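Structure assessment
Each chain, letter by letter, is given below.
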Amino acid sequence: MRTALIMTLCLIVALTAFACGPAEEPTSGEGEMAEEHSSEEHETAETESSGNEHEDHGSMTMSSSGSMGGERIHVSMTDQGEMYTMVPEAHSVHAGPVTFVAENEGLIEHELIVVKLLDMNVDLTALHVVDTQLVEVESGGVTYIADAAGRHIGQVIAATGHDAHLTAGHTVELNADLTAGHYLLVCNIETHYQLGMWTEFEAT
Ligand SMILES: [Cu+2]
């Protein structure tokens with residue numbers, strides 16, 4: 001009787017150890033956690049581990065665009081010849097997250113500004129220009145494009161800005177969350193809009 005009890009206890013202990021053992025094993029537990037968090041921590045880890053500024057930038061943009069999960073639109077920018085150009089590979093996307101992959105194929109620095117048009121009747125070939133640039137107005141933490149009467153005709157949704165260093169030969173990825181509507185993609189560095197560096201774009 002006593003032997004049987006001991007054997008039963010041993011069996012229970014053995015079964016418990018068998019059942020719980022694998023789940024509590026340190027390596028498998030850490031492995032699962034590392035996989036779950038790898039996408040979120042990718043950006044930080046890459047930034048810390050790499051001393052090369054260029055590589056840092058590449059991995060950061062890959063990480064952020066990956067988490068956005070939207071369409072990728074390549075935008076070619078040129079400044080040779082009589083007209084400057086801003087040419088997206090497509091002029092329409094589904095509303096939602098979009099990554100613009102802006103490639104500067106020209107010889108000088110450019111930028112990409114994504115503007116949602118608030119006035120459907122605006123003539124994009126004749127936007128209001130002061131000192132060779134579109135007028136950008138800050139209001140309530142939002143940047144607008146204004147017409148000659150000071151009306152806000154477009155709202156800036158995303159911009160590479162001058163810190164992105166979209167210099168000759170470089171590519172910068174710009175994430176934007178687009179609601180359905182009519183958009184203007186433009187480079188607003190002095191004279192570039194007037195030289196043709198803009199295009200219409202739709203989110204449906
Ligand atoms: Cu430009």
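A brief report on the enclosed structure follows. Since the structure is predicted, the reported quantities are computational estimates derived from the model, not experimental observations. (Residues numbered from 1 in each chain as written. Predicted model: local features only at pLDDT ≥ 70, side-chain atom pairs only at ≥ 80, totals over all residues.)

1. Digging into the sheet that holds strand β6 (residues 129-130)
Read across the sheet, eight strands follow the order β3-β12-β11-β5-β9-β8-β7-β6 without closing on themselves; strand pairing throughout is mixed. Only two strands of the sheet have a single partner each, and these edge strands are β3 (92-93) and β6. As paired strands, strand β5 (residues 113-117) and strand β9 (residues 152-159) are joined by five bridges and run antiparallel to one another. Across the sheet, the residue bridging to V115 is V156, located in β9. (Pairing = 2+ DSSP bridges. Helix = DSSP H or I, 4+ residues; strand = E, 2+ residues; numbered from the N terminus.)

2. Some words on unusual backbone geometry
Of note in the backbone geometry, D131 takes a positive phi value of approximately 55° without being a glycine. By the secondary structure assignment, D131 is in the loop between β6 and β7 (133-139).

3. Comments concerning the sheet that holds strand β2 (residues 85-88)
The four strands are arranged β2-β1-β4-β10 in an open sheet whose pairing can be described as mixed. The outermost strands of the open sheet, each flanked by one partner alone, are β2 and β10 (171-178). The mean angle between the axes of side-by-side strands here comes to 25°, regardless of whether they run parallel or antiparallel. (Axes fitted to C-alpha atoms, helices over the stretch in contact; angles between N-to-C directions.)

4. Overview of the pairing of strand β8 (residues 142-146)
Relative to β8, β7 is paired through five bridges, and the arrangement is antiparallel. By the bridge assignment for β8, E136 is matched with I145. Taking the residues between adjacent antiparallel strands as the criterion, β7 and β8 are bridged by two residues, where G140 takes a positive phi near 60°. Relative to β9, β8 runs antiparallel, the two being bridged by three bridges. Paired with I145 across the bridge in β9 is G154.

5. Some remarks on the pairing of strand β11 (residues 181-186)
Two faces, one strand: in a regular strand the side chains alternate between the faces of the sheet. Across four bridges, β5 lies against β11 in antiparallel orientation. The residue bridging K116 from the neighbouring strand is Y183, located in β11. In terms of strand pairing, β11 meets strand β12 (residues 198-203) through six bridges, oriented antiparallel. Counterpart to L185 in the pairing with β12 is T199.

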